[in-house]
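So the chains spell out like this:
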Amino acid sequence: MASQESQGRTNPIFKDYLPGSSDVPQLVEPTSLWKQTSHNHNLPPGLEYLNQLDQIIIHQQVELLEAILGTETSSKYEIKNHLGQRVYFAVEENGCFDRRLCAPVRAFTMRIADNAGREVIRVIRPLRCSSCCCPCFLQQLEVQSPPGTVAGYVVQNWDPFLPKFTIQNQSKEDVLKIIGPCATCGCFEDVDFEVKALNEMTTIGKISKYWSGFVNNVFTNTANFGIQVPVDLDVRIKAVMIGACFLIKSLELWT
């Protein structure tokens, strides 16, 4: 009941952060739906537009106070299509204690709203470990859409050499793998985490951190990220992929 009520109104957390009106194109019916498990009328509210996207760009907003004073503030992001048109807006919720003392493994809730300010995706990350030396209690993240209804999970897999994650559906069944490079220092080039089938042989997409210039990388924590997946991937899994990008970013696997 609470989740249904939240779909019809703007969440107060977005009132100070929502940009102005955006130029979002009219919805176009996707040409292939055979990998989509739900018909359009059964999609989670607010995810209809994801149904036609095969590329998602996540742009972290620059905080002037953070850039000048070096203070850590709650992160805010614009989520765009390949044309740079804003589709969603994300705000991270956590405490100052978490940001300062537990930064890479901090617990947070990421609230993602559409251009009307209605929360359509919620990403929940508890405080957990991430060390390759300890295979216990590794990172796990839950993605809800609509808020209160599980869409899927991102689970970190132990590996002594490579960063690895598993994408799971709402029933905790493995769907895809994400495998990063051994060296994730993106000096003067993009860094790609490959999205693979469960056999880890077939690559179907990638999550990337785009090189944004020397000054931006050295003096700020802001960055641009890209997600490329098949257009006919289940829309709930696309939402989980957005959560995976936020998890990889927060773990500071890109430097």
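Within each chain, residue numbers correspond to sequence positions counted from 1 in written order. Thresholds applied to this predicted model are a pLDDT of at least 70 for local features of residues and 80 or more for the giving and counting of side-chain atom pairs; totals over whole chains, interfaces and linings are not thresholded and use all residues. Note: side-chain values were computed over all heavy atoms of the structure, leaving out hydrogens and water.

Trainee: It is not clear to me how the overall build of the chain should be interpreted in this structure. Could you clarify?
Mentor: Counting its secondary structure elements, the chain contains five helices and twelve strands. Buried means the residue's accessible area, taken with a 1.4 Å probe over protein chains only, is under 20% of the maximum for its type, while exposed means over 50%, and partly exposed covers the values in between. By residue count, 49% of the 255 residues in the chain fall in the buried class. Contacts were defined at the residue level, with two residues in contact if any of their heavy atoms lie within 4.5 Å. For the chain, long-range pairs separated by at least 24 residues make up 46% of all intrachain contacts whose partners lie at least 6 apart in sequence. Here the accessible surface of atoms and residues is derived via Shrake-Rupley with a 1.4 Å probe, and residues count as covered only by protein chains that are part of the display. Carbon and sulfur atoms make up 55% of the accessible area of the chain, which amounts to about 12,400 Å² in all. Secondary structure elements are taken from DSSP: a helix is a run of H or I of four residues or more, a strand is a run of E of two residues or more, and numbering for both begins at the N terminus.

Trainee: It is not clear to me how the pattern of salt bridges should be interpreted in this structure. Could you clarify?
Mentor: If charged atoms from side chains of opposite charge come close, those side chains can pair. Salt bridges are counted wherever a side-chain nitrogen of Lys or Arg sits within 4 Å of a carboxyl oxygen of Asp or Glu. Scanning the entire structure with this criterion turns up ten salt bridges. Put simply, R86 and E78 hold a salt bridge, and the shortest N to O gap is 3.9 Å. With a closest N to O distance of 3.2 Å, R111 and E119 form a salt bridge. In this structure E119 comes out as buried when scored by relative accessible area, which is 3%.

Trainee: What should I look at first to understand the nonpolar core in this one?
Mentor: Buried Ala, Val, Leu, Ile, Met, Phe, Trp, Tyr and Cys residues that are joined via side-chain atoms within 4.5 Å together make up what is termed a nonpolar core. Membership of the largest hydrophobic core comes to 47 residues, with the highest contact counts inside it found for I58, I112, I178 and I207. It is helix 5 (residues 235-250) that provides the largest number of residues to this core, a total of eleven residues.

Trainee: What is the right way to look at the sheet that holds strand 10 (residues 191-196) in this model?
Mentor: In a beta sheet, neighbouring strands pair by backbone hydrogen bonds and run either parallel or antiparallel. Only strands that DSSP links by at least two bridges are regarded as paired with each other. Taken in spatial order, the twelve strands close into a barrel running 1-2-3-4-5-6-7-8-9-10-11-12, and their pairing is antiparallel. Averaged over all neighbouring strand pairs, the angle between strand axes comes to 20°, with direction disregarded. Here the axes come from fitting lines to C-alpha atoms, over the contacting stretch only for helices, and the angles between their N-to-C directions go from 0 to 180 degrees.

Trainee: Explain the pairing of strand 9 (residues 174-179) here, please?
Mentor: Within a regular beta strand, the side chains point alternately toward one face of the sheet and then the other, so they alternate between its two faces. Relative to strand 9, strand 8 (residues 164-169) runs antiparallel, the two sharing five bridges. For I167, the partnering residue across the bridge sits in strand 9 and is L176. In textbook terms, the turn of a hairpin is the stretch between consecutive antiparallel strands, and for strand 8 and strand 9 this stretch comprises four residues, one of which, K172, has a positive phi near 65°. Bridge analysis of strand 9 against strand 10 gives three bridges, and the strand direction is antiparallel. The residue of strand 10 that forms the bridge with I179 is E194.

Trainee: Looking at this model, I keep getting lost on the confidence of the model for the chain. Mind explaining?
Mentor: In low-pLDDT segments, the atomic positions of the prediction should not be examined closely. Every residue carries a pLDDT, the predictor's confidence in it, which falls somewhere between 0 and 100. Taken residue by residue, the chain gives an average pLDDT of 77. The fraction at 70 or more is 62%. With pLDDT under 50 throughout, residues 20-34 is counted as low confidence; its partners more than four residues away or in other chains account for 22 contacts.

Trainee: Any chance you could explain the packing of aromatic side chains here in plain terms?
Mentor: To describe a pair of aromatic rings, you give the distance between the ring centres and the angle between the ring planes. Geometry of aromatic contacts follows a simple scheme: Phe, Tyr and Trp rings, the Trp one being its six-membered ring, pair when their centres are within 6.5 Å, and the pair is stacked under 30 degrees between planes, edge-to-face over 60, tilted otherwise. Under the defined criterion, the tally for this structure stands at one aromatic pair. By definition here, charges over rings are those cases where NZ of Lys or CZ of Arg is within 6 Å of the ring centre and within 35 degrees of the ring normal. Over the ring of Y153 we find K172, and its NZ or CZ is 5.0 Å from the ring centre.

Trainee: Is there a simple way to think about the environment of V240 in this case?
Mentor: Locating V240 in the fold gives a position in helix 5. Look at V240 and you get buried, because its relative accessible area is 0%. The sequence separation of V240 and V154 amounts to 86 residues, and the corresponding C-alpha distance is 7.1 Å. Not counting the four nearest positions on each side in its chain, V240 is found in contact with V143, A151, G152, Y153, V154 and I167.

Trainee: When you look at the pairing of strand 6 (residues 140-144) in this model, what are you seeing that I'm missing?
Mentor: Where strand 5 (residues 119-125) and strand 6 come together, three bridges link them in antiparallel fashion. Within strand 6, the residue paired with R122 across the bridge is Q144. The pairing of strand 6 with strand 7 (residues 150-157) spans five bridges and is classified as antiparallel. Within strand 7, the position partnered with V143 by the bridge is G152. Hairpin connection between strand 6 and strand 7: a loop of five residues separates the two successive antiparallel strands, and G148 in this loop has a positive phi of roughly 100°.

Trainee: Honestly, helix 5 in this entry has me stumped. Any pointers?
Mentor: Two residues of an α-helix separated by three or four positions point the same way, owing to the 3.6 residues in each turn. Here the expected length of a helix is defined as 1.5 Å per residue gap, with one fewer gap than residues. Spanning 16 residues, helix 5 covers 23 Å between terminal C-alpha atoms, matching the ideal 22 Å at 1.5 Å per step. Counting buried positions along helix 5 yields 16 of 16 residues, so the element is predominantly enclosed. Capping the start of helix 5, D234 holds a side-chain oxygen 2.8 Å from the backbone nitrogen of R236, two or three residues further along. Polar contact is defined as a pair of N or O atoms within 3.5 Å, subject to the rule that within protein one atom must be able to donate a hydrogen and the other to accept it, and that residues adjacent in sequence are counted only when both atoms are side-chain atoms.

Trainee: How should the environment of E194 be read in this particular structure?
Mentor: Positionally, E194 belongs in strand 10. Between the C-alpha atoms of E194 and I207, which are 13 residues apart in sequence, the distance is 6.4 Å. For E194, the residues in contact, after removing those within four places along its chain, are K177, I178, I179, T203, G205 and K206.

Trainee: Can you walk me through the environment of K238 in this structure?
Mentor: Residue position: K238 is located in helix 5. For K238, a relative accessible area of 0% corresponds to the buried category. Separated by 182 residues in the primary sequence, K238 and I56 place their C-alpha atoms 9.3 Å from one another. Dropping the residues within four chain positions of it, K238 is found in contact with L50, N51, Q52, L53, V229, P230, V231 and L233. Looking at K238, its side chain comes within polar contact range of the main-chain oxygen of L50, at 2.8 Å.

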